[in-house]
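Here are the chains, one letter per residue:
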Amino acid sequence: MTPSWIALIVLAIAAAGFVLARARAQAAARREARRLHSLPNYYGWTAAIYAAGPALLLLAIWLVAQPIATRSLTWPVLAAEAGENAVPSLMMADVQRLASGLDAAVATGRLTAEEARALPPEELRAAMAAQGVALGSEVTPATRDAALRWRRLSGTGDLLRGIVVIGLALAGAAWGVSRAKPDFRARNAVEQAMRGVLVSAALLAILTTVGIVLALIFNTIEFFRLYPAAEFFFGTTWSPSFGGGSELGILPLLWGTLYISIIALLVAVPIGLFAAIYLAEYAHRNVRSWAKPMLEMLAGIPTIVYGLFALLTVGPLLVEAFGRGGYLGLGWMQGGTAVMTAGLVMGIMLIPFVSSLSDDIINAVPQSLRDGSLGLGATRSETIRQVVLPAALPGIVGAVLLAASRAIGETMIVVLGAGAAARLSMNPFDAMTTVTAKIVSQLTGDADFSSPEALVAFALGMTLFVITLALNVVALWIVRRYREQYE
Amino acid sequence: MNDMRTMDNTVLNETKITARDVNVHYGTTHAIKGVDVDIADRTVTAFIGPSGCGKSTFLRCLNRMNDTIPGAVVTGEIKIDEADIYDSRVDPVQLRAKVGMVFQKPNPFPKSIYDNVAYGPKIHGLAKNKTELDEIVEKALRRGAIWDEVKDRLHAPGTGLSGGQQQRLCIARAVATEPEILLMDEPCSALDPIATAQVEELIDELRQNFSVVIVTHSMQQAARVSQRTAFFHLGNLVEYGETGKIFTNPEDSRTESYISGRIG
């Protein structure tokens, strides 16, 4: 029985439990003069929840746990054959592929169950090829034994899974129906269940974050085993070569990231903030009603489109001005891809982040403060500068830091706008690259996944994660500190 | 404080503000309907009336705060010292320095106590140097009857004071720009009785130097602090005269109904 069938059956049991429990509650209410504690539907829902909740949870856990258990029980068969350099995960992958190939062959009738068990190892590869399952090498006897064991174990496991899960659902439904008596507080029980659903949604989001961090950490540790951490953090050269002997210093990438982000913020913060002030303080309601959505539309443009804009429009324009033979006669710029190109375009991308958040924050400043200032004979801009902005400052700082972490994490604009050269240069018209762009280039292509050149991507990702985390913590700290003082 | 003032100590002052046929529209709402009123100098004038009667709206005409509300249109003539404040040559910003305002809810800026009071003088360049500014701030805080409470913590945030202290700070802030008229929009409605008593006492002292116009919901307050009272109802100025007379012997039946609690 496949997991989806089991789930469907569980849901059917839950539905039956719902109907039965509700009917029982209604009947009880009619027989006894006393009123029910809860509405009949609540009794139905409790039975449905008791039936479906634990059973589906068990099914989910089982789906995760069974392959792990099967793997550890199958591995002893292969262990004898595994040599010094064997990669257990690769060998197990072969076993799993063979096992599922045999399953498929039996299911389509190409092999009988008996044949599948008895086929000698030499004939297996051909049989699998006929089934459409490509195996990397000839099947060794140990692999075949392991695959057979795998099939046996997972067959038992699947059977057991169906029985236990459906049994649990039936037991839950029965219990729920049996409790459907007038004095049972079904309404409160449903309340508890709702709470459980909400808590698990929140937990899931947190656990995912933890999972991402863990995935990064293990590969990062692996990387630092192959490559010295000091050279990674303090090396000033970035020249990976997959043949070996590469230098993987993060400093040029960090410098590129910071440089581009700073230029982007220099563009986005003043423009965004001024736009927000105009929208919040000066704009007529009609202007605001179309100007704000227009600005926010900028945030909906995919960053790859911004990248194209950088590559095709902004870069050439800048070269015309600052390049060799440009009309400013400066010759600072070699090509269209440069820190300045990416920074300008990224700044445009960030304008709606800054303006939209700041606009909300400025609007949240109480009107009484504005009245107080205007009533003292201050002009509008004096009021904004001296009263509104100081009051809104913590929120605005938060908005800017949020924009900063967007800038640091941005990839596509950099790839297309800033070039791919990792270098430490002060000239904003030089091509540079960032941490994120390099993560992409290290993981795409036919890299060997266990080489430091590929694993460095995880170390880069981890560094980026730590930096943006620190930025967010600082933002929260600033916001909280000033809020205490002012509200 | 005596509860009912009589005519003797009041009406001798000359007229400070003259309003003739003032109408205010908010969009399609006709909020003020043809109000004529003369407000005397160095006198406390109270505007009373039920909620939504237009008394606050009319108050906000006197320093052109209605200009900051989109859709508000003011017609008619308001003169302060014989000069029309709605004349196109008058800068509303300058006018508001001359006509200070205190609001319903204490609204200290998120700044220190000192900076709150120094805000107006700094904007209008009233002080040549730090010493002068210090003097202005001290004088304003003394006039606001709050100096003794805050003199040791002038650089603490103004928002950290109690409600009554905040409102007196706001009065001190308004006084610091040396206005000639002080408008107060229900200045005690967010305060407890003790803070209210302190602010009322302060209003009585302010009469020495300013023409004070106060909007209030509390008839007892109007009777306690004002020399003249104007009763507004549904956008009309129903009756205006000596406070003692309004409260003891009103001419209009609506005034009498409101004062005796039958409408409102």
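If you're wondering where the values come from, they're calculated on a predicted model, not measured in any experiment.

Definitions and limits used
- Residues numbered from 1 in each chain as written.
- Chains lettered and ligands numbered in written order.
- Predicted model: local features only at pLDDT ≥ 70, side-chain atom pairs only at ≥ 80, totals over all residues.
- Heavy atoms only, no water.
- Helix = DSSP H or I, 4+ residues; strand = E, 2+ residues; numbered from the N terminus.
- Rg over C-alpha atoms; globule rule 2.2 N^0.38 Å.
- Contact = heavy atoms within 4.5 Å.
- Areas by Shrake-Rupley, 256 points an atom, 1.4 Å probe, with all protein chains shown as cover.
- Lys, Arg positive; Asp, Glu negative; His and termini not counted.
- Charge placed at Lys NZ, Arg CZ, Asp CG, Glu CD.
- Buried < 20%, exposed > 50% of the residue type's maximum accessible area, 1.4 Å probe, protein only.
- Buried area = accessible area lost by both parts, 1.4 Å probe.
- Salt bridge = Lys/Arg side-chain N within 4 Å of Asp/Glu carboxyl O.
- Pairing = 2+ DSSP bridges.
- Domains from an automatic or database assignment.
- Axes fitted to C-alpha atoms, helices over the stretch in contact; angles between N-to-C directions.
- UniProt positions renumbered as here; feature names shortened; annotations may be inferred.
- Phe/Tyr/Trp six-rings, centres within 6.5 Å; stacked < 30°, edge-to-face > 60°.
- Lys NZ or Arg CZ within 6 Å of the ring centre and 35° of its normal.

### With respect to the overall build of chain B
- Counting its secondary structure elements, chain B contains ten helices and ten strands.
- In terms of overall dimensions, chain B is globule-like: its C-alpha atoms have a radius of gyration of 18 Å, near the 18 Å expected for 264 residues.
- Expressed along its principal axes, the backbone C-alpha trace of chain B runs to roughly 55 × 45 × 35 Å.
- Counting only contacts in chain B whose residues sit at least 6 apart along the sequence, the fraction spanning at least 24 positions is 67%.
- When the accessible surface of chain B is split by element, carbon and sulfur atoms take 48% of a total near 11,100 Å².
- Of the side chains in chain B, 30 bear a positive and 36 a negative charge, and the two mean positions are spaced by 4 Å.

### What about the overall build of chain A?
- Scanning chain A from terminus to terminus reveals 17 helices and two strands.
- On C-alpha atoms alone, chain A measures out to a radius of gyration of 32 Å, which is more than a quarter above the 23 Å that the 2.2 N^0.38 rule sets for 487 residues.
- Along the first, second and third principal axes, the C-alpha set of chain A runs to 85 × 80 × 35 Å.
- For chain A, the proportion of its 487 residues judged to be buried stands at 42%.
- Contacts spanning at least 24 positions in sequence make up 72% of the contacts within chain A whose residues lie at least 6 apart.
- With the model as given, the accessible surface of chain A reaches about 25,400 Å², and the carbon-plus-sulfur share is 67%.
- Within chain A, the 31 negative side-chain charges are centred at a point lying 15 Å from the centre of the 35 positive side-chain charges.

### With respect to the interface of chain B and chain A
- If you look at the interface, chain B gives 23 residues, while chain A gives 19 residues.
- Buried area between chain B and chain A, summed over both chains or domains, comes out near 1,800 Å², and the portion from carbon and sulfur atoms is 62%.
- In terms of surface lost to chain A, no three residues of chain B exceed Pro110, Tyr119 and Ile123 of chain B, which account for 31% of the buried area on that side.
- Connecting chain B to chain A are zero salt bridges.
- Among the elements of the structure, α2 (92-98), β6 (99-102), α3 (113-123) and α6 (163-175) of chain B are those that each provide at least two residues to the side of chain B that touches chain A.

### Section: the pairing of β6 of chain B
Residue and element names in this part refer to chain B.
- Burial of β6 is two-sided: the residues Val99 and Met101 facing one way and the residues Gly100 and Val102 facing the other way are all buried.
- In the sheet, β6 pairs with strand β7 (residues 181-185) via four bridges, with the strands oriented parallel. Looking across to β7, one finds that Gly100 is bridged to Leu182.

### Structural notes on the domain arrangement of chain A
- On domain assignment, one finds that chain A holds domain 1 (3-184) and domain 2 (234-486).
- Taken over C-alpha atoms, the centre of domain 1 of chain A sits 49 Å from the centre of domain 2 of chain A.

### A closer look at the sheet that holds strand β10 (residues 236-242) of chain B
Residue and element names in this part refer to chain B.
- Judged by pairing direction, the sheet is mixed, and its six strands sit side by side in the order β6-β7-β8-β3-β9-β10 without closing on themselves. For this open sheet the edge positions go to β6 and β10, each flanked by a neighbour on one side alone. Each strand axis lies, on average, 15 degrees off the axis of its neighbour in the sheet, ignoring direction.
- Here four bridges tie strand β3 (residues 44-48) to strand β9 (residues 228-233), and the two strands are oriented parallel to one another. Residue pairing in the sheet places Thr45 in a bridge with Arg228 of β9.
- α6 rests against β6 and β7 of the sheet, and its axis sits at about 170 degrees to β6.

### Quick notes on the UniProt feature "transmembrane region" (unreviewed entry) in chain A
Residue and element names in this part refer to chain A.
- Feature annotation in UniProt assigns "transmembrane region" (unreviewed entry) to the following positions: residues 43-65, 159-177, 197-217, 253-279, 299-319, 331-354, 387-408 and 454-479.
- This span, residues 197-217, is 100% helix and 0% strand, and a straight line between its end C-alpha atoms measures 30 Å.
- Across residues 299-319, helical content stands at 90% and strand content at 0%; the span's end C-alpha atoms are separated by 27 Å.

### Things to note about the packing of aromatic side chains
- For the structure on display, the rule yields 16 aromatic pairs over all chains.
- Relative to Phe184 of chain A, the ring of Tyr43 of chain A lies with its centre 6.3 Å away and its plane at 55 degrees, an arrangement referred to as tilted. Residue Tyr43 of chain A is located in helix α2 (residues 40-79), and its partner Phe184 of chain A is located in the loop between α6 (141-178) and α7 (186-226); the two are separated by 141 residues in the primary sequence.
- Overall, Phe184 of chain A belongs to the buried group, its relative accessible area being 11%.
- For Arg173 of chain B, the ring lying beneath its charged end belongs to Phe109 of chain B, and the centroid distance is 4.1 Å.

### Quick notes on the environment of Ile351 of chain A
Residue and element names in this part refer to chain A.
- On the secondary structure map, Ile351 appears in helix α12 (residues 339-364).
- Between the C-alpha atoms of Ile351 and Met294, which are 57 residues apart in sequence, the distance is 12 Å.
- With near-sequence residues (within four places) excluded, Ile351 lies in contact with Ala268, Ile271, Gly272 and Leu295.

### Things to note about the UniProt feature "domain: ABC transporter" (unreviewed entry) in chain B
- The UniProt record marks residues 17-259 of chain B with the feature "domain: ABC transporter" (unreviewed entry), using the residue numbering of this structure.
- End-to-end, the C-alpha atoms of residues 17-259 of chain B are 26 Å apart, and along that stretch the chain is 37% helix and 27% strand.

### Some words on the sheet that holds strand β2 (residues 29-40) of chain B
All names here are of chain B.
- Within the open sheet, the four strands sit side by side as β2-β1-β4-β5. Their pairing is antiparallel. Each end of this open sheet is capped by a strand with a single partner; those strands are β2 and β5 (83-84).
- Pairing between strand β1 (residues 15-26) and strand β4 (residues 72-80): eight bridges, direction antiparallel. Bridged to Ile17 within β4 is Ile80.

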